[in-house]
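Chains, contacts and geometry: an overview
Spelled out from the first residue to the last, the chains are:
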Amino acid sequence: ETGVTQTPRHLVMGMTNKKSLKCEQHLGHNAMYWYKQSAKKPLELMFVYNFKEQTENNSVPSRFSPECPNSSHLFLHLHTLQPEDSALYLCASSQEAGDNSYEQYFGPGTRLTVT
Amino acid sequence: GQNIDQPTEMTATEGAIVQINCTYQTSGFNGLFWYQQHAGEAPTFLSYNVLDGLEEKGRFSSFLSRSKGYSYLLLKELQMKDSASYLCAVRDGDYKLSFGAGTTVTVRA
């Protein structure tokens, strides 16, 4: 039980579809993240939200659109994806306070396949 | 940019010790994390080092040398359940973690 949930766990979509990934954290954290994990590659940070404000957009293509309606929920809206976008998408949360560094808690991920 | 290197794979025998090295070159440094990730599961936090030296937590220990840009994760008394990928990550700013590609450890009976 990590305290971070993600739905769906698996998603297959065509290149013309629109879908959304959902993440919810039950830990009372103030920061949330989207990562992309491809086989044999490092986790790639996509977006960071701190107190619901986006503080990082790591040169992610516009076909990925994040939304953070409150500090507990994070969405990733997907449209007109490419086959190379197939990957595991991980959500994480952490409690950030001043100069302190706290570990990030990860959700189980959504395995996305673009056909 | 960030550069974080760790071996791709390691194999060890049950009950043995394995040391996973991580070297990094980053524009700033505010701590180094080790995560464990079993196949098909979420990464889980193992350790955090921000000062030089060794942090011990049960069978797992993590070492940091900031001047050398080097860390290692030491796994003692290996068990079959320790077969997993181990991720080294460096925090270089307020919230941003940069990850290595991970080291897959296989424990054999």
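Residues numbered from 1 in each chain as written. Chains lettered and ligands numbered in written order. Predicted model: local features only at pLDDT ≥ 70, side-chain atom pairs only at ≥ 80, totals over all residues. Heavy atoms only, no water.

**Describing the sheet that holds strand E6 (residues 53-57) of chain B**
Within a beta sheet, neighbouring strands are joined by backbone hydrogen bonds and run either parallel or antiparallel to one another. Residue and element names in this part refer to chain B. Strand order in the open sheet formed by five strands is E1-E3-E8-E7-E6, and the pairing between neighbours is antiparallel. Looking at the sheet topology across the chains shown, the edges are occupied by strand E1 (3-5) and E6. Taken over all neighbouring pairs, the strand axes of this sheet differ in orientation by 15° on average, direction set aside. With three bridges joining them, E1 and strand E3 (residues 18-25) adopt antiparallel strand pairing. Bridge pairing links aspartate 5 to threonine 23 in E3. (Pairing = 2+ DSSP bridges. Helix = DSSP H or I, 4+ residues; strand = E, 2+ residues; numbered from the N terminus. Axes fitted to C-alpha atoms, helices over the stretch in contact; angles between N-to-C directions.)

**Some words on the state of the cysteines**
Residues and elements named next belong to chain A. Tallying each qualifying case throughout the model produces two disulfides over all chains. A sulfur-sulfur distance of 1.9 Å marks the disulfide that ties cysteine 23 to cysteine 91. In this structure, the disulfide formed by cysteine 23 and cysteine 91 twists by about -70° around the S-S bond and is classed as left-handed. Taken together, the residues span a long stretch of sequence, with cysteine 23 in strand E3 (residues 18-25) and cysteine 91 in strand E9 (residues 87-94) at a distance of 68 residues. (Disulfide = S-S within 2.5 Å.)

**Some words on the interface of chain B and chain A**
Facing the 18 residues of chain B at the interface are 26 residues of chain A. Taken over both partners, the interface formed by chain B and chain A buries close to 1,700 Å², and the fraction arising from carbon and sulfur atoms is 55%. There are two residue pairs in polar contact (both at pLDDT 80 or more) connecting chain B and chain A. Every element with two or more residues in the side of chain B that touches chain A is listed here: strand E4 (32-37), strand E5 (44-49), strand E9 (84-91) and strand E10 (97-99) of chain B. Considering every element that reaches the side of chain B that touches chain A, the biggest residue donor is E4 of chain B, with three residues. Residue composition of the side of chain B that touches chain A, grouped by class: 11 nonpolar, four polar and three charged. (Contact = heavy atoms within 4.5 Å. Buried area = accessible area lost by both parts, 1.4 Å probe. Polar contact = N/O pair within 3.5 Å; in protein donor to acceptor, adjacent residues only side chain to side chain. Nonpolar A, V, L, I, M, F, W, Y, C, P; charged D, E, K, R; others polar.)

**Quick look at the environment of glycine 109 of chain A**
Residues and elements named next belong to chain A. Here glycine 109 lies in the loop between strand E10 (105-106) and strand E11 (110-114). Separated by 86 residues in sequence, glycine 109 and cysteine 23 place their C-alpha atoms 9.0 Å apart. Once residues lying within four places of it in the same chain are set aside, the contact partners of glycine 109 are Gln6, Pro8, Arg9, Leu88, Tyr89 and Leu90.

**Quick look at the confidence of the model for chain B**
Averaged over all residues, the pLDDT of chain B equals 93, while 96% of them reach at least 70. When pLDDT is averaged over each element of chain B, strand E8 (residues 70-75) of chain B comes out on top at 98 and E10 of chain B at the bottom at 90. (pLDDT = per-residue confidence, 0-100.)

**Observations regarding the layout of surface pockets**
In this structure, the largest pocket occupies an estimated 570 Å³ of space. Considering the residues around the largest pocket, the lining is formed by 26 residues, among which Gln37, Ala39 and Lys40 of chain A together with Gln37 and Ser85 of chain B are closest to the centre. Of all the secondary-structure elements, those providing two or more residues to the lining of the largest pocket are E9 and strand E11 (103-108) of chain B. The element contributing the most residues to the lining of the largest pocket is E9 of chain B, with three residues. (1 Å grid on protein atoms, 1.4 Å probe; cavity = no way out; pocket = protein on both sides within 12 Å on 5 of 7 lines; lining within 4 Å. Points joined across faces, edges and corners; volume = space filled by probe spheres on them.)

**What to know about the packing of aromatic side chains**
All names here are of chain B. Counting across every chain of the model gives 15 aromatic pairs over all chains. Their ring planes at 65° and their centres at 6.2 Å tell us that phenylalanine 33 and phenylalanine 45 sit as a pair that is edge-to-face. Of this pair, phenylalanine 33 sits in strand E4 while phenylalanine 45 sits in strand E5; the two residues are 12 residues apart in sequence, bridging distant segments of the chain. Look at phenylalanine 45 and you get partly exposed, because its relative accessible area is 26%. (Phe/Tyr/Trp six-rings, centres within 6.5 Å; stacked < 30°, edge-to-face > 60°. Buried < 20%, exposed > 50% of the residue type's maximum accessible area, 1.4 Å probe, protein only.)

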